[in-house]
Amino acid sequence: MAYWQGGASSSADPGHGGGGRAAKALDFGGRLPRTEAAFRSLEAAVVHGLPAVVRTISDEAVANLDAVLAPLVEAATRAHVEGAIRALFAEPDNAVVQEAGGRFIAAAATDGGRPELRRLLEEFGAAAWLEAVVRRHPRSKGVQNQALWALFKLQGRQPLVAVLTDQALGSSPEATTAALWGLFHIGSAENISWPERKELAALAEAARQRFPDDSRLATHALGIIGSMLNVKVADADHAQATAAIAVVISALQTHQGDIALQRAAAQTLVSLVEGNSGAAAMLRHHKDNVIALLDGVMRSHPHKDVHVLGGRVLQAVFGVAGVLEALAREGLKGPKQQAALLKVLASFTEESDLEAILRLDAIGCVYDAMASSEHANSSGIAALGRIAEFLIEQASQSAPAGSQDSQDPSSDAVLGVHIVKCIGTIVRRLECEIQQRRPDNFVYAEALGALRNVSRRSPALARRIAATTSVTAAVEMAFERDFFDLTFECIRQLIGAVLFFSGLAKLMAMLEKYPEAPIFHEAACRVLVETAEHEDGSNAPGTILEAAAGLSFYATRVLVEMVPQSQRLNPDSLACAAIRLHSHVLGVATAGLEEGVHSLLGALRHYQYKADVATEVCCALVSVYIAKGPGVMPVLSTCRAGDALVDVVRRFPNNSEVLGDAAVALGALYGFKQVLDLLRSSPGNLAVQQAGCRALAELCRMNLCFASEEERKAAEDAARATQAAYPGQERWQLQAQIEVTLGLIANAAVAAQRAP
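Residues numbered from 1 in each chain as written. Predicted model: local features only at pLDDT ≥ 70, side-chain atom pairs only at ≥ 80, totals over all residues. Heavy atoms only, no water.

### Thoughts on the overall build of the chain
Then comes step 1: Helix and strand counts for the chain come out as 39 helices and 0 strands.
Then comes step 2: Taken over C-alpha atoms, the radius of gyration comes to 30 Å for the chain, in line with the 27 Å a tight globule of 756 residues would show.
Then comes step 3: In terms of its C-alpha atoms, the chain occupies a principal-axis envelope of roughly 85 × 70 × 60 Å.
Then comes step 4: The burial tally for the chain puts 49% of its 756 residues in the buried class.
Then comes step 5: Counting only contacts in the chain whose residues sit at least 6 apart along the sequence, the fraction spanning at least 24 positions is 71%.
Then comes step 6: Of the roughly 35,000 Å² that the chain leaves accessible, carbon and sulfur atoms contribute 54%.
Then comes step 7: Counting 69 positive and 82 negative side-chain charges, the chain places the averaged centre of each group 3 Å from the other. (Helix = DSSP H or I, 4+ residues; strand = E, 2+ residues; numbered from the N terminus. Rg over C-alpha atoms; globule rule 2.2 N^0.38 Å. Buried < 20%, exposed > 50% of the residue type's maximum accessible area, 1.4 Å probe, protein only. Contact = heavy atoms within 4.5 Å. Areas by Shrake-Rupley, 256 points an atom, 1.4 Å probe, with all protein chains shown as cover. Lys, Arg positive; Asp, Glu negative; His and termini not counted. Charge placed at Lys NZ, Arg CZ, Asp CG, Glu CD.)

### Points about the pattern of salt bridges
Then comes step 1: Evaluated as defined, the whole model comprises 34 salt bridges.
Then comes step 2: D572 is paired through a salt bridge with K610; the nearest N and O atoms lie 3.7 Å apart. Here D572 is found in helix α30 (residues 571-585), whereas its partner K610 is found in the loop between α31 (593-606) and α32 (611-628), with 38 residues between them in sequence.
Then comes step 3: Relative accessible area serves as the criterion here: at 35%, K610 is assigned to the partly exposed category.
Then comes step 4: Here K673 and D677 are joined by a salt bridge, their closest N and O atoms 2.7 Å apart. One end of the pair is K673 and the other is D677, both in helix α36 (residues 672-681) and 4 residues apart, which spans about a single turn. (Salt bridge = Lys/Arg side-chain N within 4 Å of Asp/Glu carboxyl O.)

### Concerning a nonpolar patch on the surface
Then comes step 1: A cluster of nonpolar side chains, V68, L69, L72 and V73, forms an exposed patch at the surface whose accessible area comes to about 360 Å².
Then comes step 2: With respect to the element layout, V68 can be found in helix α4 (residues 59-89). (Patch = residues over 30% accessible without salt bridge, like charges linked within 9 Å, V, L, I, M, F, W, Y side chains within 5 Å.)

### Describing the environment of V414
Then comes step 1: Along the chain, V414 turns up in helix α22 (residues 412-435).
Then comes step 2: Taking the C-alpha atoms as reference points, V414 and A395, 19 residues apart in sequence, are found 9.5 Å from one another.

### Re the packing of aromatic side chains
Then comes step 1: The full count for this structure, using the stated rule, is 6 aromatic pairs.
Then comes step 2: Look at W149 and F152: their rings are 5.1 Å apart centre to centre, the planes differ by 35 degrees, and that puts the pair in the tilted class. Here F152 and W149 lie together in helix α8 (residues 141-155), a separation of 3 residues that amounts to about one turn.
Then comes step 3: Using a relative accessible area of 13% as the deciding quantity, one classes F152 as buried.
Then comes step 4: Ring geometry for F672 and F706: centres 3.8 Å apart, planes at 25 degrees, overall stacked. Remark: F706 occurs in the loop between α37 (686-701) and α38 (709-725) and F672 occurs in helix α36; sequence separation between them is 34 residues. (Phe/Tyr/Trp six-rings, centres within 6.5 Å; stacked < 30°, edge-to-face > 60°.)

### What about the nonpolar core?
Then comes step 1: Membership of the largest hydrophobic core comes to 234 residues, with the highest contact counts inside it found for L345, I387, F479 and F520.
Then comes step 2: For this core, the element with the most residues is helix α17 (residues 304-328), which contributes 12 residues.
Then comes step 3: Counting 7 residues, the second-largest nonpolar core is a separate cluster that includes A719, L734, I738 and L742. (Core = buried A, V, L, I, M, F, W, Y, C linked by side-chain atoms within 4.5 Å.)

### Considering the confidence of the model for the chain
Predicted coordinates in areas of low pLDDT are best not read in detail.
Then comes step 1: Mean pLDDT over the chain works out to 86, with 92% of the residues at or above the 70 mark.
Then comes step 2: A low-confidence stretch, residues 1-24 stays under pLDDT 50, and its non-local contacts, those more than four residues away or across chains, total 47 contacts.
Then comes step 3: Below pLDDT 50 for its whole length, residues 399-403 participates in 5 contacts with residues either more than four positions away or in separate chains. (pLDDT = per-residue confidence, 0-100.)

### Digging into the packing of helix α29 (residues 548-565) against α30
Helices that pack against each other are described as a pair by the angle of their axes relative to one another and the distance between those axes.
Then comes step 1: Where α29 meets α30, the closest approach of the two axes is 9 Å, and the angle between their N-to-C directions is 155 degrees. In terms of orientation, α29 lies roughly antiparallel with respect to α30. When you trace α29 past α30, the crossing you get is left-handed. Contacts between α29 and α30 involve A548, L551, S552, Y554, A555, T556, V558, L559, M562 and V563 from the former and P571, L574, A575, A578, I579, L581, H582 and V585 from the latter.
Then comes step 2: Considered class by class, the residues forming the contact of α29 with α30 number 15 nonpolar, 3 polar and no charged. (Axes fitted to C-alpha atoms, helices over the stretch in contact; angles between N-to-C directions. Parallel < 35°, antiparallel > 145°, perpendicular 65-115°, else oblique. Left-handed = near helix turned anticlockwise from the far one by under 90°. Nonpolar A, V, L, I, M, F, W, Y, C, P; charged D, E, K, R; others polar.)

Structure representation (structure tokens):
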């Protein structure tokens, strides 16, 4: 029997509408007294009493109980849906009733954990009724909003597209606005083919032109244009994106001062311009007008995120110089604008213009912006850290002998002065923060993060920073004085500073000092993982892998002792962090393997319906197998790892990401046959097919062998069967994955062919 087999799949998900939550949310205004009383009784019997019984009775008794209860609950659900639908049918002209009905149908169709609700809605003709309601109430904003959203939940985006192309409904601003709103919220454009994205963008622009004075409609239209023509999507047409910029500018000029439209326009410009050299060149030809337009938005809009979007457009079009010049303009001297521009500056890429950074005195601009407002301090420190990293990189790329001409602005000597100036400014700001009665957590985090990143790029600077007493004093004081006021990110940066500047022994001593601080330990695990990834497999003295045995023991203790005791403080997040640490160190550790595997599988059993935990455990088991090889199989068998992976497949039948990780683990541990059996078991389940094809590709990339030529041919046949079953542009991502998978299978080795 294949490891994934052995029982029916369950689509139950406790994250979707448990009985207790549903009953507590009931409020019929006293108009359904018998129904409400019945629900309360059901809550008392099922939610509070039944789980305790189910946990204690035998498996046979549970099966009998399920067989008795399930039909009754299914019948009640059917009666509920049928009664509600019939009540809607009885009052077709009452807009208030139909609006409520649309909301009810949308909620029922959205409940991913209850596919039977969708089947009942289809059986009772909910979609056809909604289409009729949309036509019956074309000018009712509430009906259009709720009914079209419900139609989208039932049938996808096609009903919304139909509204925009329908002559009667397309003349209704309410119907058009509701359709545009729904299309804007359909999810990632990466799942839509380019021809469809292009059509949706054209429909949105046509709708905007039909109602040029409707700012709300224009806002949704711009959102669709930005999402559909986003140049970051793999197959986007940059020329189309460039042409659409005129639409955005026209909307901004038509609806000046509308902050919702300004936000949508700024986001759309970012989607169209970032990474689009043609668009940037076109806008540079109209520099003064572009700057005036963006400055106007950034000056008038109250929210910092829109200022950041405006800054990103300036950077995409004019480079770092555009951001530095904006920092100096009087109209953008406000604290929010300055902080936003500094945040943009902190994210510039290494293709930035060194000449502009030196000519415009980027360090001085940042220092002046920080002096203008305390709100700009953390963003300013991040910008200084990024500038320092960039200058270090530039210095390392100079000629081997290094230009020592002090008159050459790009010489090593001059760059060194600027680098030291950057670091000195950060350290002095950190020293000032230490003296504050109520220090700014973000300044702590950004300063220590910047110093650590700079130190990683330059050993000489690392030694210099580590010798600065204010850095170590800041870390120690932050933990002792401000621990309970620190954000998670600040704690993470502080731990990173301890590990980098004081070493692993110091960090482990601190972890021993705070045994009952789960957030602290979660941050520590994440920093250790981040450091291990940065060290890239090195086991030199002082590295994470060199201390793998002790860290494996620590991760096991976190999972076994700390996670069960921290139920009120996101224990699953702590568990994921410790599991990920295990994935780096457990396979390398010289002791504690069985205890570590037991702790991983224990976390999987404890958080049965947590997808992130399941994913991390699957990946950790694969990492252990890769590090230890087949010799680890007796331990995995003793711990029943195979059964645990089977349970993951059963619990997440529609989650392609989790299924993919589980399939990779099954294939790595027990052979390609497990993945092939999984693919054959559910030919109609798209999630399973996606997961299986991805798993086959990953196993080939891991250089694992097929057991025989027949098995390799079977894998190829399974991938081609999936390719034929899911054709068309709407499945282009799956089709692309299958092409990659087939190529890898064709080049994969068979066990008999592999040299010993």
